[in-house]
Amino acid sequence: MNTAPAFYPIGTAGTPWGDAERAEWLSRQTRHRSYESEVVSKIEPLRARFDVEEYGRLEYGDESFPLLAIRSRDWNDDLPVVLVTGGVHGYETSGVHGALQFVDQHAADYAGRVNLLVAPCVSPWAYERIHRWNPNAIDPNRSFRENSPAEESAALLRLVAPIRDRAVMHIDLHETTDTDETEFRPALCARDGKPFAPGGIPDGFYLVDDSENPQPEFQQAVIAAVEKVTHIAPADEKGEIIGSPVVAPGVIEYALTQLGLCASITNARYKTTTEVYPDSPRATPEQCNTAQAVAVCAAIDYALAHQ
C-alpha cells in the first residue's frame, strides 16, 4: 500500500479551503473514463426487460450527465420495495458495475415478489474522474439531508421520496481503496483545515450497519453469502475497522442519518453499506463486482423472509 503524503499540495495547513483552493483542486481533476460508454451503454439494453427513467440531470460547466434509475417492469404497489444504490462515490467502481450485474443477472428472479428500484451510478462526474467528491469538492455521501449542498444527493432524495416509507431494504454499494488513505482522506483534512492522522486500509469485504437501528442477523446473512465469493476483512489490532469497533465479523456501525449517508434515505428496517476492497492481491475486479451482486441478493432474500 502506498504511503500517505506528509501534506496535501493545496491550501495552507490548518486553514479550511476557500473558493481559490477549491478552484485549484478542480483544475487538477482529469477525466479518466466515460460514463456514457461504460455505464449508460450498459443500462440501455436493460430497457428491454426493465423500466429505465432519467430522474435528474447534472449540469457542470459544459458537461451534462443524465441520472438513470432502473425499475421493475411489473411494479405492483401491493409488493414491498427494495432500493439498491451504487456509485455515490464515483471512484468506487464495483458499486456501479455490481449493481448493473445484479440487475442483468439476478433481478428477474424477484419478479412478482418485490419492486426493485436501482440507481447504479449516483455520481457520474466523479465516476469519470475516479474521485470521491463532486466538482464543488463536496462528498455526496455526507450530504443526504434536506437542502443538500450536493445535487447528486438531492436528485436521489427526490427519486426515493415516494417509496421512502415503503422500502423494506436499502443496500448501498461502496468500496474502500488504497487511495482513501493516499488521496481522499488527506484531501478531506486539507479542505477542512484539520490535521491528517495516517490510518490503515482493511483487506477484505465489510459492512456498515446503522447504529441507531442495528440489524445484526441481517448483516451476518449478507456476510455469509459474500464470504463464498471473496474474503471478509479482519479487525485490526484494536478490534476495529477504519477506526470503528467491529461488532460482529466484518461489521461496523455508523450513525447513518447523523452523518448524512446514503443508506439513511429510506425508513427501511434493513439497511447496509457494502465495502469491497478492490486493491487486495486476493481479489479481482470480477470478484468485486460479483461480491456486490451477491450482497444485493442476500440482502433482498433476508428482507423478504423477515419483513
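The shown structure was predicted, so the numbers you read here are calculated from the model rather than taken from an experiment.

Re the pairing of strand S6 (residues 206-210)
Counting buried positions along S6 yields 5 of 5 residues, so the element is predominantly enclosed. Where S6 and strand S10 (residues 270-276) come together, 3 bridges link them in antiparallel fashion. Bridging from a neighbouring strand, Tyr 206 pairs with Glu 275 of S10. As paired elements, S6 and strand S9 (residues 251-254) share 4 bridges and run parallel to each other. Residue pairing for S9: Val 208 is matched across the bridge by Ile 252.

Considering the packing of helix H3 (residues 93-105) against helix H9 (residues 285-305)
In contact at an axis separation of 8 Å, H3 and H9 are set at 55 degrees when each is read in the N-to-C sense. By the criterion of interaxial angle, the relationship of H3 to H9 is oblique. Remark: the crossing between H3 and H9 carries right-handed chirality. Contact residues: H3 offers Ser 94, Gly 95, His 97, Gly 98, Gln 101 and Phe 102, while H9 offers Cys 288, Asn 289, Thr 290, Gln 292, Ala 293, Val 296, Cys 297 and Ile 300. The residue inventory of the contact of H3 with H9, partitioned by class, reads 6 nonpolar, 8 polar and no charged.

Let's talk about unusual backbone geometry
Even without glycine at this site, Ala 137 takes up a positive phi of about 60 degrees. The topology assignment puts Ala 137 in the loop between helix H4 (124-129) and helix H5 (151-160). Positive phi, normally seen in glycine, also occurs at Ile 242, with a value near 40 degrees.

So, the sheet that holds strand S4 (residues 115-119)
Judged by pairing direction, the sheet is mixed, and its 8 strands sit side by side in the order S1-S2-S4-S3-S5-S10-S6-S9 without closing on themselves. Here the strands that pair on one side only, and so sit at the sheet edges, are strand S1 (51-60) and S9. The mean angle between the axes of side-by-side strands here comes to 20 degrees, regardless of whether they run parallel or antiparallel. Summarising the sheet, strand S3 (residues 81-86) and strand S5 (residues 167-175) pair through 6 bridges and their orientation is parallel. Residue pairing in the sheet places Val 82 in a bridge with Met 169 of S5.

Focus: the nonpolar core
Membership of the largest hydrophobic core comes to 83 residues, with the highest contact counts inside it found for Tyr 55, Ile 70, Phe 102, Leu 156, Met 169 and Ile 300. Considering every element that reaches this core, the biggest residue donor is H9, with 12 residues. When near neighbours in sequence (up to four residues on either side) are disregarded, Ile 300 contacts Val 82, Phe 102, Tyr 110, Leu 116 and Met 169.

Basis of the calculations
- Residues numbered from 1 in each chain as written.
- Predicted model: local features only at pLDDT ≥ 70, side-chain atom pairs only at ≥ 80, totals over all residues.
- Heavy atoms only, no water.
- Buried < 20%, exposed > 50% of the residue type's maximum accessible area, 1.4 Å probe, protein only.
- Helix = DSSP H or I, 4+ residues; strand = E, 2+ residues; numbered from the N terminus.
- Pairing = 2+ DSSP bridges.
- Axes fitted to C-alpha atoms, helices over the stretch in contact; angles between N-to-C directions.
- Parallel < 35°, antiparallel > 145°, perpendicular 65-115°, else oblique.
- Left-handed = near helix turned anticlockwise from the far one by under 90°.
- Contact = heavy atoms within 4.5 Å.
- Nonpolar A, V, L, I, M, F, W, Y, C, P; charged D, E, K, R; others polar.
- Core = buried A, V, L, I, M, F, W, Y, C linked by side-chain atoms within 4.5 Å.

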